[in-house]
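Residue-level listing of the chains:
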Amino acid sequence: MSSIFLPPPIQKINSEIATNAGVNLYILRLDLMHPQINGNKWFKLKYNLAAAKEKNFSTILTFGGAYSNHIYATAAAGNLFGFRTIGIIRGEENIPLNSTLQFAVAQGMQLVYINRQTYKQRHTEKLQTQLQQQFGEVFIIPEGGCNLNGMRGCIEILATIKEFNTVCLACGTGTTLAGMTLSLNQNQKMIGFPVLKGGNFLQEDINNLLKNYLASDLPKPVNSPAPWELICNYHFGGYAKINNELKLFCQNFQEQHDIPLDYVYTGKMFYGVMDLITQGYFQSESLLLVHTGGLQGNIGFTN
Ligand SMILES: *Cc1c(COP(=O)(O)O)cnc(C)c1O
């Protein structure tokens with residue numbers, strides 16, 4: 001199943017700000033692993049799809065917003081690996097479909113819209129049972145692939161990468177960060193940059209994920225969780241909120257380094273890291289910044 005994916009390249013970022021601070025900056029390009037199923041979303045899907053296959057399900061049902069990277073990746077992965085897919089989309093249908101949803105439909109995904117009130121119950125047994133009744137034998141993957149199987153895949157992101165002091169990552173639910181902490185050594189550290197406002201709540205969520213993972217019957221990781229921390233003040237007003245400063249930062253970054261950043265996740269993390277370097281927060285370190293993909297979502301910000 002993994003053979004169609006390219007190993008993610010690590011590139012050095014030549015930045016004067018970083019050089020002056022004695023910081024070596026590297027980027028891990030998960031966005032280049034596959035044209036459609038890229039970034040952290042593939043890692044979160046991998047063991048969910050394996051579980052679905054093992055239990056003989058032929059249909060995957062999952063959830064997302066109208067620009068969701070997870071919906072996009074699930075539609076493509078379903079098509080590629082022979083699953084029917086159903087996407088439960090938050091809110092009303094807008095015609096014409098945006099390019100995320102057009103892509104999902106072209107990959108064979110059936111889209112079903114539910115109102116925002118009902119969507120809030122996506123994690124409840126009640127709604128999931130109702131969906132099972134409506135759509136038959138479906139394997140349900142939570143929004144964003146954020147469960148223990150999703151976390152399991154994320155343990156593999158840094159599998160072959162050892163030589164960095166600090167790994168920086170944008171966080172939505174923290175599932176990716178939780179998984180990645182299980183592949184680092186104790187003398188390494190992870191810094192998560194929540195893209196939601198008030199991201200401190202992730203502290204508890206990540207601790208719970210780690211606790212539940214270690215208590216589960218999934219394969220035990222070789223390492224215990226490496227130290228990690230959250231830096232919560234680079235959310236730019238909240239999820240999918242951006243301003244001109246962030247947009248300009250991403251555009252300049254792409255011009256200088258020929259690396260496109262997504263505005264919702266990786267752009268905010270990069271902005272935060274560069275700002276912190278300027279402030280002297282990092283000294284004489286090697287930082288690995290993880291590009292988690294999501295570039296398809298930039299179409300939501302064309303004006
Ligand atoms: C979903 C997503 C994230 C966040 O992953 P979590 O595991 O929810 O923290 C980060 N970056 C991109 C590009 C994403 O699509």
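Just above, that's the structure.
Residues numbered from 1 in each chain as written. Predicted model: local features only at pLDDT ≥ 70, side-chain atom pairs only at ≥ 80, totals over all residues. Heavy atoms only, no water.

Participant: So what's going on with the state of the cysteines? Which residues, and what values?
Facilitator: Considering all chains together, one arrives at 0 disulfides under this definition. Unpaired in this structure, Cys168 has its nearest cysteine sulfur neighbour in Cys171, at a distance of 10 Å. Cys168 gets classed as buried once you look at its relative accessible area, which sits at 0%. (Disulfide = S-S within 2.5 Å. Buried < 20%, exposed > 50% of the residue type's maximum accessible area, 1.4 Å probe, protein only.)

Participant: Pulling in residues and values, what's your account of the site of the ligand?
Facilitator: Around the ligand lies a shell of 16 residues, among which Lys41, Lys44, Thr173, Thr176 and Thr292 are the nearest. Thr176 has a polar side-chain atom sitting 2.6 Å from an oxygen atom of the ligand. Calculation on the ligand without its partners gives an accessible area of 390 Å², and the protein chains cover 97% of this total. Here the element with the most residues in the shell around the ligand is helix α2 (residues 40-54); it accounts for 3 residues. Residues of the shell around the ligand, tallied by class, amount to 4 nonpolar, 10 polar and 2 charged. (Near = heavy atom within 4 Å. Polar contact = N/O pair within 3.5 Å; in protein donor to acceptor, adjacent residues only side chain to side chain. Areas by Shrake-Rupley, 256 points an atom, 1.4 Å probe, with all protein chains shown as cover. Helix = DSSP H or I, 4+ residues; strand = E, 2+ residues; numbered from the N terminus. Nonpolar A, V, L, I, M, F, W, Y, C, P; charged D, E, K, R; others polar.)

Participant: So what about the packing of helix α3 (residues 69-81) against helix α4 (residues 99-106)? Which residues, and what values?
Facilitator: Relative to each other, α3 and α4 sit at 15°, their axes nearing to 8 Å. In terms of axis orientation, α3 runs roughly parallel to α4. The handedness of the crossing between α3 and α4 is left-handed. Across the interface between the two elements, Ile71, Tyr72, Ala75 and Ala76 of α3 pack against Thr100, Leu101, Phe103 and Ala104 of α4. (Axes fitted to C-alpha atoms, helices over the stretch in contact; angles between N-to-C directions. Parallel < 35°, antiparallel > 145°, perpendicular 65-115°, else oblique. Left-handed = near helix turned anticlockwise from the far one by under 90°. Contact = heavy atoms within 4.5 Å.)

Participant: Account for the environment of Asn187, naming residues and giving values.
Facilitator: Here Asn187 shows up in the loop between α8 (175-181) and β8 (189-194). Spatially, the C-alpha atoms of Asn187 and Pro227 are 8.1 Å apart, while their sequence positions differ by 40 residues.

Participant: An account of the pairing of strand β4 (residues 84-90) is requested, with residue identities and associated values reported.
Facilitator: Consecutive residues of a regular strand have side chains that alternate between opposite faces of the sheet. Taken across its 7 residues, β4 has 5 buried, putting it largely inside the fold. Following the backbone out of strand β3 (residues 59-64), through α3 and into the adjacent parallel β4, one traces a crossover that is right-handed. Viewed along the sheet, the connection from β4 through α4 into strand β5 (residues 110-114) turns out right-handed. (Right-handed = clockwise from strand over helix to strand, strands pointing away.)

Participant: Please provide a residue-by-residue account of the pairing of β3, values included.
Facilitator: When you tally the buried positions in β3, you get 6 out of 6 residues, the bulk of the element. Neither face of β3 is left uncovered, since the one carrying Thr59, Leu61 and Phe63 and the one carrying Ile60, Thr62 and Gly64 both have all their residues buried. Sheet topology places β3 next to β4; 6 bridges connect them, and they run parallel. By the bridge assignment for β4, Thr59 is matched with Arg84. Note: β3 against strand β6 (residues 139-141), 3 bridges, orientation parallel. The residue of β6 that forms the bridge with Thr62 is Ile141. (Pairing = 2+ DSSP bridges.)

Participant: If you had to explain the packing of aromatic side chains to someone new, which residues and values would you point to?
Facilitator: Within this structure, the stated rule accounts for 15 aromatic pairs. On the basis of an interplanar angle of 50° and a centroid distance of 6.2 Å, the ring pair of Phe193 and Tyr234 is categorised as tilted. One end of the pair, Phe193, is in strand β8; the other, Tyr234, is in the loop between β9 (228-230) and α10 (244-257), with 41 residues separating them in the sequence. Classification of Phe193 by relative accessible area gives buried; the value is 2%. Residue classification places Tyr234 among the buried positions, given a relative accessible area of 8%. A centroid spacing of 5.6 Å and a plane angle of 85° characterise the contact between Tyr263 and Phe301, whose relative ring orientation is edge-to-face. (Phe/Tyr/Trp six-rings, centres within 6.5 Å; stacked < 30°, edge-to-face > 60°.)

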